[in-house]
Amino acid sequence: MKPHWFFILLSVSGAPRYGTAIQDDVRELSDGGVRLWPATLYGSLEELVEQGWLEEMADDERPPAISGRERFYRITRAGRAALKGEAARLESLARVARSRLALGGA
Amino acid sequence: MSWARVYRLALYLLPAALRRKHGPAMESLFARDLEQASARGWRHGALTAQAGLWDVASRGGYERLRRAGAALERCGHHARRYWSMEARAGRHAGGPLMPQPAVRQILLRHGSAFAFAFVTLTAAFLANFARRQIPELTARGVPAGTIAETLLFALPFLAALTIPMAVFVAVLREFIRLGLDGTLAGARRQRDGMRRLVVPVLCAAVGVSALAFVVTAEIVPRTNERLATVLYGRSAAASARTMTISELQDAARTVRPGADPVDLERVALYEVEVQKKFALPSACIVMALLGVAIALGVPKGGTGLMIGASLVVFGAYYVLFITGESLATRLVISPLLGMWGADALLLAVALLAVWMSSRASSDGEPIIIRR
């Protein structure tokens, strides 16, 4: 899974978000390491919708007190499964890396 | 022209559907990022602006490649169905005529090829620039951040050179492909067939030329100014290459009539730079026509033709261009002739080649017989 897809799904998994909020949340999640520029962000959102991992919320489902122009996205069941799978893969990779480093340092 | 306006123009690099749906949101986000970065200084602002524009350009190329891949896959699926139907009906003697591609498909394919060629050529030129500049900058103790800034500021003037090249490579490649799969032969036998293939491509080349003009006229002078400051350490006392068109024209007007040869050469330099900002983007249209002409002249050409023709055409164009610039700044020829001579010559060659190939095609092409 592409790294920025992972971060977008992670951001949206907590609560439905719109573009700018996703960008801010991803920057916070990655401690400033991952920056989603506008074209990459919105292009990726469209790709994830095509993939079936995200869906756009209808107008009447949008959270209240927002101007109404933003498009909100929420994660789908398939997206959540993909995110879980990727998290498990990264966790396994981190475990292997830690054990190899421990071996190398011993 | 503000960064916001340039960004809005750059959004046309994205597929129309994506631009229409998310364009305002992207502009708004870009404006916010730019405002936050500019609060930290003009350099941060300029870097952010360039990164945002690069993001649009690279995403545009990626989106078009992705969609072209999906479209080709659908095409391949339809072609496989068509072939199997034709084979079952026994109508495959001599091969079926390839259906004429729709305008959208033609532009999509050329767009993807252009994006790929542009990114590849610009990356190659940037790598060459980095290879020449980084050792010297490092030896001078220039910080890594400033070196990265230098490479970013070099992108616009490199892009001004590679945009016409990418147009040529894209058009030549796609028309060679159309020649190899029989589409060109089919188009020649149809009324208005060739016009329906060529006109959309030339119109797209006009659009690319307009974009190249924005880059050359507005972006390059500003980034050249920053580049000169970093490379040569001077707080840019404006040189001709750091001036916009209006600044060049104003500077030329300050030289009074009957001035000495040094001043006249300075005026010629300003005029050369003004003409360059029009002539270089216009080369996109000439390159598109030349690509069509070469592919028509050698319909069975392949990768070898593409590489060979590219080397010859680029080499010839830039030798003519640089020679014209040198002669014009030394008052041997007029700036108009110096800067437009290369375009005019290659345009004449292209028109002649198209005319010759259209005459050759009317002298008895083999007709594919469908049983």
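Thresholds applied
Residue numbers restart at each chain and count upward from 1, following the sequence in its written direction. A letter from A marks each chain and a number from 1 marks each ligand, given out in the order of writing. Restriction of local features to residues with pLDDT of at least 70 applies here, the model being predicted, together with a cutoff of 80 or more for giving and counting side-chain atom pairs; totals for whole chains, interfaces and linings are based on all residues. Computation of side-chain values covers all heavy atoms of the structure but excludes hydrogens and water. The criterion used for residue contact is that any of the two residues' heavy atoms lie within 4.5 Å. Two parts placed together each lose some accessible area under a 1.4 Å probe, and adding up what both lose gives the buried area. For this document, the term salt bridge refers to a Lys or Arg side-chain nitrogen within 4 Å of an Asp or Glu carboxyl oxygen. A 3.5 Å cut-off defines polar contacts: any pair of N or O atoms within that distance qualifies, except that in protein one atom must be a possible hydrogen donor and the other a possible acceptor, and neighbouring residues in sequence count only when both atoms are side-chain atoms. Each helix is a run of H or I in the DSSP string that is no shorter than four residues. Each strand is a run of E no shorter than two, and both are numbered from the N terminus. Classification used: nonpolar for Ala, Val, Leu, Ile, Met, Phe, Trp, Tyr, Cys and Pro, charged for Asp, Glu, Lys and Arg, polar for all others including Gly. Think of it in three bands: residues with accessible area under 20% of the maximum for their type are buried, residues over 50% are exposed, and the middle band is partly exposed, with areas taken using a 1.4 Å probe on protein chains only. Each nonpolar core is a collection of buried residues, namely Ala, Val, Leu, Ile, Met, Phe, Trp, Tyr and Cys, held together in the definition by side-chain atoms within 4.5 Å. Here, strands pair whenever DSSP counts at least two bridges between them. One axis is fitted to the seven residues ending at the residue and one to the seven starting there. The bend at that residue is the angle between these axes.

**Remarks on the interface of chain A and chain B**
Listed as interface residues are 21 residues of chain A and, on the opposing side, 19 residues of chain B. Here chain A meets chain B over a buried area of about 1,700 Å², counting both sides, of which 52% is carbon and sulfur. The three residues of chain A that bury the most area against chain B are W37, A39 and Y42 of chain A, which together make up 34% of that side's buried surface. The interface formed by chain A and chain B contains 5 salt bridges. Taken together, chain A and chain B are joined by 13 residue pairs in polar contact (both at pLDDT 80 or more). Residue assignment for the side of chain A that touches chain B shows that the elements contributing at least two residues are α2 (19–29) and α3 (38–51) of chain A. Broken down by element, the residue count for the side of chain A that touches chain B peaks at 10 residues, all from α3 of chain A. Residues that form the side of chain A that touches chain B fall into these classes: 6 nonpolar, 6 polar and 9 charged.

**Describing the pattern of salt bridges**
Any two side chains of opposite charge can pair if their charged atoms end up close together. All names here are of chain A. For the coordinates displayed, the defined rule picks out 21 salt bridges over all chains. Measuring nitrogen to oxygen at the nearest pair gives 3.0 Å for the salt bridge that ties R71 to E56. One end of the pair, R71, is in the loop between β2 (54–56) and β3 (72–75); the other, E56, is in strand β2, with 15 residues separating them in the sequence. Its relative accessible area of 30% is what places R71 among the partly exposed residues.

**Describing the nonpolar core**
One finds I8 and L54 of chain A together with F175 and Y317 of chain B to be the most contacted residues of the largest nonpolar core, which totals 90 residues. Per-element accounting of this core gives the leading share, 14 residues, to helix α5 (residues 144–180) of chain B. Discounting chain neighbours no more than four positions away, the residues touching L54 of chain A are I8, L9, V12, L45, L48, V49, Y73, R74, I75 and T76 of chain A. Core analysis: the second largest hydrophobic core is formed by 10 residues, F129, V142, A154 and L231 of chain B among them.

**Topic: the environment of L54 of chain A**
All names here are of chain A. Looking at the secondary structure, you find L54 in strand β2. Its relative accessible area of 2% is what places L54 among the buried residues. Sequence separation between L54 and V12 is 42 residues, and the spatial gap between their C-alpha atoms is 8.5 Å.

**Structural notes on the sheet that holds strand β1 (residues 17–18) of chain A**
All names here are of chain A. Read from one edge of the open sheet, 3 strands run β1-β3-β2, paired in antiparallel fashion. Across the chains shown, the open sheet's two edge strands, defined by having one partner strand only, are β1 and β2. As defined by bridge partners, β2 adjoins β3 across 3 bridges and the pair is classed as antiparallel. Paired with E56 across the bridge in β3 is Y73.

**Comments concerning unusual backbone geometry**
With a phi angle near 55°, D31 of chain A is a residue other than glycine that sits in the positive phi range. Mapped onto the elements, D31 of chain A comes out in the loop between α2 and α3. Non-glycine residue L331 of chain B carries a positive phi angle of around 65°. Along the chain, L331 of chain B falls in the loop between α10 (303–329) and α11 (335–361).

**Overview of helix α2 (residues 16–38) of chain B**
Along its length, α2 of chain B reaches its greatest deviation from straightness, about 65°, at H22 of chain B, and the proline P24 of chain B lies no more than four positions downstream. Within the sequence span of α2 of chain B, burial applies to L18, R19, H22, G23, M26, L29, F30, D33, L34 and A37 of chain B.

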